[in-house]
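Here is how the chains run, residue by residue.
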Amino acid sequence: MTSKQRAYLRALSNKLDAIFQVGKNGLNENLIKQIDDALEARELIKLSVLETAPEDNYNIANDLSIKTNSILVQVIGNKIVLYRPRKKNSKIVLPD
């Protein structure tokens, strides 16, 4: 992914609300499955990491991107933005 494409996705994510929270239970299989389903439906999602999370934001973000086969767009503060194009009919068209 180029820096131009990443910047485009960051701009799109500014208006998104966080749809998941990672808390004291950390990343469990149920949460990962829900995030995976949300990525397939929305392509670009934002998550919040609560202070009670067992790991730091960067470790959680890296684990999520690996386990959901997605691209980590950014980690800023306690927010994580992930992107994964749909298998069919992708709505987000990345610039070249």
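Residues numbered from 1 in each chain as written. Predicted model: local features only at pLDDT ≥ 70, side-chain atom pairs only at ≥ 80, totals over all residues. Heavy atoms only, no water.

S.K.: Before we go on, may I ask you to explain the environment of F20 in this structure?
M.R.: Tracing the sequence through the fold places F20 in strand β1 (residues 20–22). Residue F20 is classed as buried on the basis of its relative accessible area, which comes to 15%. Separated by 26 residues in the primary sequence, F20 and K46 place their C-alpha atoms 7.3 Å from one another. Contacts of F20, omitting those with residues within four sequence positions, involve L31, Q34, I35, A38, K46, L47 and S48. (Helix = DSSP H or I, 4+ residues; strand = E, 2+ residues; numbered from the N terminus. Buried < 20%, exposed > 50% of the residue type's maximum accessible area, 1.4 Å probe, protein only. Contact = heavy atoms within 4.5 Å.)

S.K.: Just to check I follow, could you spell out helix α3 (residues 57–67) for this structure?
M.R.: Turn by turn, an α-helix covers 3.6 residues, leaving residues three or four places apart pointing in a common direction. N57, I60, A61, L64 and S65 are the residues of α3 that are buried. Seen from one end, α3 has its buried residues packed into an arc of 130°, which puts them on one side. Every exposed residue of α3 that faces more than 90 degrees away from the buried side is listed here: Y58 and I66. Buried residues in α3 make contact with β1, α2 (29–42), β2 (44–49), β3 (71–76) and β4 (79–83). Looking at the residues trailing α3, positive phi occurs at N69, about 55°. (Arc of directions from axis to C-beta.)

S.K.: Honestly, the pairing of β2 in this entry has me stumped. Any pointers?
M.R.: On a regular strand, each side chain points to the face opposite its neighbour's, so the side chains alternate between the two faces of the sheet. Burial within β2 is extensive, with six of its six residues counted as buried. Side chains L44, K46 and S48 of β2 all project onto a buried face; the interleaved residues I45, L47 and V49 project onto the opposite face, where all are buried too. Here three bridges tie β1 to β2, and the two strands are oriented parallel to one another. The residue of β2 that forms the bridge with V22 is V49. For the crossover from β1 across α2 to β2, the handedness is right-handed. In the sheet, β2 pairs with β4 via five bridges, with the strands oriented antiparallel. Paired with L44 across the two strands is Y83, which belongs to β4. (Pairing = 2+ DSSP bridges. Right-handed = clockwise from strand over helix to strand, strands pointing away.)

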